[in-house]
Number of protein chains: 2
Amino acid sequence: MAHSHDVPADLTRNQGLVMGALNHSVGPLSAYDILDKLRADGLRAPLQVYRALDKLVERGLAHRLESLNAFVACADEHCHRKGLIAFAICEGCGKVDEFADAVIEERLGDWAQAKGFKVERTTMEIRGKCEVCVAQAA
Amino acid sequence: MAHSHDVPADLTRNQGLVMGALNHSVGPLSAYDILDKLRADGLRAPLQVYRALDKLVERGLAHRLESLNAFVACADEHCHRKGLIAFAICEGCGKVDEFADAVIEERLGDWAQAKGFKVERTTMEIRGKCEVCVAQAA
DNA sequence: TTCAATACGTTATAGCATAACATCGCCGCA
DNA sequence: TGCGGCGATGTTATGCTATAACGTATTGAA
Ligand SMILES: [Zn+2]
Ligand SMILES: [Zn+2]
Ligand SMILES: [Zn+2]
Ligand SMILES: [Zn+2]
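Our subject in this report is the structure included herewith.

Each value, and the rule that gives it
Residues numbered from 1 in each chain as written. Chains lettered and ligands numbered in written order. Predicted model: local features only at pLDDT ≥ 70, side-chain atom pairs only at ≥ 80, totals over all residues. Heavy atoms only, no water. Salt bridge = Lys/Arg side-chain N within 4 Å of Asp/Glu carboxyl O. Helix = DSSP H or I, 4+ residues; strand = E, 2+ residues; numbered from the N terminus. Buried < 20%, exposed > 50% of the residue type's maximum accessible area, 1.4 Å probe, protein only. Least-squares fit on C-alpha atoms with pLDDT ≥ 70 in both. Contact = heavy atoms within 4.5 Å. Donors = N, O, S within 2.8 Å, 3.2 Å for Na, K, Ca; no water. Tetrahedral: all angles 85-135°; square planar, octahedral: opposite > 155°, others 65-115°.

Any two side chains of opposite charge can pair, on the condition that their charged atoms come close. Applying the stated criterion across every chain, the model contains 15 salt bridges over all chains. A salt bridge links Asp101 of chain A to Arg107 of chain B; the nearest nitrogen and oxygen atoms lie 2.7 Å apart. One end of the pair, Asp101 of chain A, is in the loop between strand 4 (96-100) and helix 4 (102-115); the other, Arg107 of chain B, is in helix 4 (residues 102-115), on a second chain. Of the residues examined, Asp101 of chain A reaches a relative accessible area of 10% and is grouped as buried. Residue Arg107 of chain B is classed as partly exposed on the basis of its relative accessible area, which comes to 33%. Here Arg121 of chain A ties to Glu91 of chain B by a salt bridge, and the two come within 4.0 Å at their closest N and O atoms. Residue Arg121 of chain A is located in strand 5 (residues 118-129), and its partner Glu91 of chain B is located in the loop between strand 3 (85-90) and strand 4 (96-100); the two belong to separate chains. Residue Glu91 of chain B is classed as partly exposed on the basis of its relative accessible area of 35%. Look at the salt bridges and you will find they share partners, linking Glu91 and Arg127 of chain A together with Arg121 of chain B into a network.

Attention now moves to the relation of the copies chain B and chain A. Superposing chain B onto chain A takes a rotation of 180° plus a shift of 0.0 Å along the axis, which leaves an RMSD of 0.0 Å. Here the copies are linked by what is in effect a two-fold axis. Identified as the residue of chain B closest to the rotation axis by C-alpha distance is Met124 of chain B, at 2.2 Å. Both copies present the same face, since 100% of the interface residues in chain B are matched by interface residues at the equivalent positions in chain A.

Turning to the coordination of the zinc ion (ligand 4), a few remarks are in order. Residues and elements named next belong to chain B. Looking at the metal site, the zinc ion (ligand 4) is ligated by Cys90 (SG), Cys93 (SG), Cys130 (SG) and Cys133 (SG), spaced 2.2 to 2.3 Å from it. For the zinc ion (ligand 4), the 4 donor atoms are set out with angles of 104 to 112° between them, so the coordination reads as tetrahedral. Counting the intervening residues between successive donors of the zinc ion (ligand 4) yields the motif C-x2-C-x36-C-x2-C. Here Cys133 lies in helix 5 (residues 131-137) and Cys90 lies in strand 3, a separation of 43 residues in the sequence. The exposure class of Cys90 is buried, given its relative accessible area of 3%.

Right, dumping it as structure tokens:
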């Protein structure tokens, strides 16, 4: 879960706190999870967290996992250069693996072009068990 | 929005009502949307809708769109034979196009095998504008 | 008939997200 | 220096999404 500690310095206080919470978590956190972790730092209302998350997601420092209603720190410094990002979410340990695949993206582009569909955003989330958890279950 | 009217006959009353609501909608419906449409038929509580939806999704007659917290009728009679299904959701008119792509699925399988990840379920949702809505915007 | 499985109905509650409004601090500019 | 815009913040209230917990009813075998 390589989390990048070289966080941009121009984050606001709340943004920094939220980013820190995400960076120090092994798995995704809901906005309310984050809020609970940050009450000691003075945060009190969900909106404070949501507003920070909006900015972080906008800047590509964090991602929203639609299928979990939760958020993770971006694990790939350069993911904003890539188009489609996929997430593999382990139901066992909660870890999230982030990856990009040019072939899938191209294939999707082909489909869109054929249909005249203008893609604005794609979410791809794979649920299952990671290697470690598969081994443990056996 | 080809909705299949040859719905299985063994649905329960509530399941049938919910399926009907989905079939007659041009776009996705939230559970609460469905509830409102079915109050006249006697449904009163969210749980009645959610329980029906669970069964319908389980049988592949409906799909849940994670990025919308909403549900659509399955548009492809044979989609349960296919693996990965993708949804293209138009932000303009709300229509949803359901399709399967073997290449994407294979590519995903390759990634999973390389990583030792055991895939259980995949959601792929593309947000954007359909051909009609793109034309209108121009 | 008896039992188990499934569906149903109802109330209450938990979890996720945003509206609306006031305030504050920063920075560019008259 | 003082004004004014803008973005971030703080706070309260509210709305939307989903499930827990309980009891009843129906069905369909053994
Ligand atoms: Zn990323
Ligand atoms: Zn795992
Ligand atoms: Zn389908
Ligand atoms: Zn459209």
